[in-house]
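Report on the structure
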Amino acid sequence: LVIAPPAVVGNWAAEARKFVPGVEVLVHHGANRKRGPALAAAVRAADLVITTYGTAVRDMDELAGFEFGKVVIDEAQAIKNPTAEVSQQLRRVNARTRLALTGTPIENGLGDLWAIMDWANPGLLGPRAPFIAQLTPASKSKGGDGEAALRALNGILVYRRTKAEPAIAEELPDRIDELDHCAMTPEQIGLYQAVIDSLVVATSESDQGTPERKGAVLAAITALKQICNHPVNYQADDQGLEGRSGKLNRLNEIIETVFAAGEKVLIFTHFATWGETLAAYLSDRTGTPIHCYHGGL
């Protein structure tokens, strides 16, 4: 049984078809998923069952009735809060072995580490509070007993791979960070200055540290980020996108270079509606369907 976020369920199924084509895969997800006797028959016929966290929680009364050889949770940081319903429900899965996969370093917080390890090995680490209390000094003084215990624990229970390992280094080229400075257009400069001016007025009329002042500052920061993207990201209009943003001009140059080299590009933005607008604009400009993936899907 594999439990994963919705975004990667399709990847799991595709990878299974590619690497283990003889394995019978059942994707248990969606409004039309099987239930009752039909689900039981489908699970018995399958070698690999793939579902989502949300579906697993909703259908746990049925899933807990099956005995799986192995349960795998992908993006295991989803259970870092041991009191959350998803963490509690996933403990009900009946499997001979448990495996947690996460790209997030679980050593960032001892509480997160305990939650994930205790799911995989229930009761092995003891109660959460004493575990954290005993190992916390390790993070403050190198070489302490707590740190040694933590290293040993990770060495025994955590299989970790890094980009430095030869087999992985061959697949992943070195990341190159390149910072571009994009000059704003006169329209952007005018909008930017107007937001700054209004912020000065708003904050001068309220006491420092008040919720109103903090709210005005946060709203201004958001507005400035939107203006730097494009005036339309700040305030929608029907004047088109072309030639109104230094950042968009630079993006167009990058995309032309990428397309000319036959490569691929992934564009990130903090604003979902702007992402949709940008995807439609780039689709028209390049003649290639470009889509926006965001949390609302």
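Everything that follows concerns the structure shown earlier in this document.
Below: a short report on this structure. Since this is a predicted model, take the numbers as computed values, not measurements.

The rules behind the values
Residues numbered from 1 in each chain as written. Predicted model: local features only at pLDDT ≥ 70, side-chain atom pairs only at ≥ 80, totals over all residues. Heavy atoms only, no water. Pairing = 2+ DSSP bridges. Helix = DSSP H or I, 4+ residues; strand = E, 2+ residues; numbered from the N terminus. Axes fitted to C-alpha atoms, helices over the stretch in contact; angles between N-to-C directions. Contact = heavy atoms within 4.5 Å. Parallel < 35°, antiparallel > 145°, perpendicular 65-115°, else oblique. Nonpolar A, V, L, I, M, F, W, Y, C, P; charged D, E, K, R; others polar. Right-handed = clockwise from strand over helix to strand, strands pointing away. Core = buried A, V, L, I, M, F, W, Y, C linked by side-chain atoms within 4.5 Å. Buried < 20%, exposed > 50% of the residue type's maximum accessible area, 1.4 Å probe, protein only. Phe/Tyr/Trp six-rings, centres within 6.5 Å; stacked < 30°, edge-to-face > 60°. Lys NZ or Arg CZ within 6 Å of the ring centre and 35° of its normal. Left-handed = near helix turned anticlockwise from the far one by under 90°. Expected span 1.5 Å × (residues − 1). Salt bridge = Lys/Arg side-chain N within 4 Å of Asp/Glu carboxyl O.

**Some remarks on the sheet that holds strand 2 (residues 25-28)**
- Strand order in the open sheet formed by five strands is 2-3-1-4-5, and the pairing between neighbours is parallel. Each end of this open sheet is capped by a strand with a single partner; those strands are strand 2 and strand 5 (95-100). Across the sheet, the mean angle from the axis of one strand to that of its neighbour is 20 degrees, orientation sign disregarded.
- Of the strand pairs in this sheet, strand 2 and strand 3 (residues 48-52) are connected by four bridges, and their pairing is parallel. Its bridge partner being in strand 3, V25 is matched across the sheet by L48.
- Sheet contacts for helix 1 (residues 6-19): strand 1 (2-4), strand 2, strand 3 and strand 4 (68-73); angle to strand 3, the most-contacted strand, approximately 165 degrees.
- Docked against the sheet, helix 6 (residues 110-120) engages strand 4 and strand 5, running at close to 155 degrees with respect to strand 5.

**With respect to the packing of helix 10 (residues 186-204) against helix 11 (residues 211-229)**
- Packing of helix 10 against helix 11 brings their axes to within 10 Å, and their N-to-C directions diverge by 180 degrees. Compared by their axis directions, helix 10 and helix 11 come out roughly antiparallel. Two secondary-structure elements touch here, helix 10 through Q188, L191, Y192, V195, I196, L199, A202 and T203 and helix 11 through R213, A216, V217, A220, A223, L224, I227, C228 and N229.
- Residue composition of the contact of helix 10 with helix 11, grouped by class: 13 nonpolar, three polar and one charged.

**Observations concerning the pairing of strand 5**
- In terms of strand pairing, strand 4 meets strand 5 through five bridges, oriented parallel. Pairing of V71 across the sheet is with R98, part of strand 5.
- On the question of chirality, the crossover connecting strand 4 to the parallel strand 5 by way of helix 5 (residues 85-90) is right-handed.

**Quick word on the nonpolar core**
- One finds I3, F68, I73, L90 and V93 to be the most contacted residues of the largest nonpolar core, which totals 27 residues.
- If you list the elements that add at least two residues to this core, you get helix 2 (36-45), helix 3 (53-58), helix 4 (60-63), strand 4, helix 5 and helix 6.
- Top contributing element to this core by residue count: helix 2, with four residues.
- Beyond its immediate sequence surroundings of up to four residues, V93 is in contact with L1, I3, M60, F68, V71 and R98.

**Structural notes on the packing of aromatic side chains**
- The final tally for this structure, using the stated rule, is one aromatic pair.
- Here the basic side chain of R98 rests over the ring of W119, its NZ or CZ set 5.2 Å away from the ring centre.

**Concerning the packing of helix 13 (residues 246-260) against helix 14 (residues 272-286)**
- Where helix 13 meets helix 14, the closest approach of the two axes is 12 Å, and the angle between their N-to-C directions is 50 degrees. Between helix 13 and helix 14, the angle is such that the two are oblique. Considering the relative orientation of helix 13 and helix 14, their crossing is right-handed. In contact with L248, L251, N252, I255, E256 and F259 of helix 13, helix 14 contributes L278, Y281, L282, R285 and T286.
- Of the residues assigned to the contact of helix 13 with helix 14, the class counts are seven nonpolar, two polar and two charged.

**Section: helix 14**
- Over its 15 residues, helix 14 extends 21 Å from the first C-alpha to the last, a length consistent with the 21 Å expected when each residue adds 1.5 Å.
- The complete set of buried residues in helix 14 reads W274, G275, L278, A279, Y281, L282 and S283.
- As for helix 14, its buried residues are in contact with helix 11, helix 12 (231-234) and helix 13.
- Just downstream of helix 14, G287 is the residue with a positive phi angle, here 75 degrees.

**A word on the pattern of salt bridges**
- Summed over the entire model, instances satisfying the criterion amount to 11 salt bridges.
- Between D177 and R175 there is a salt bridge, with the nearest N and O atoms lying 3.4 Å from each other. With respect to class, D177 is no different from R175; both count as exposed.
- Ionic pairing is found between R285 and E242, a salt bridge with its closest N-O pair at 3.9 Å. A residue pair is termed long-range when its members are at least 10 positions apart, and R285 in helix 14 and E242 in the loop between helix 12 and helix 13 qualify at 43 residues.

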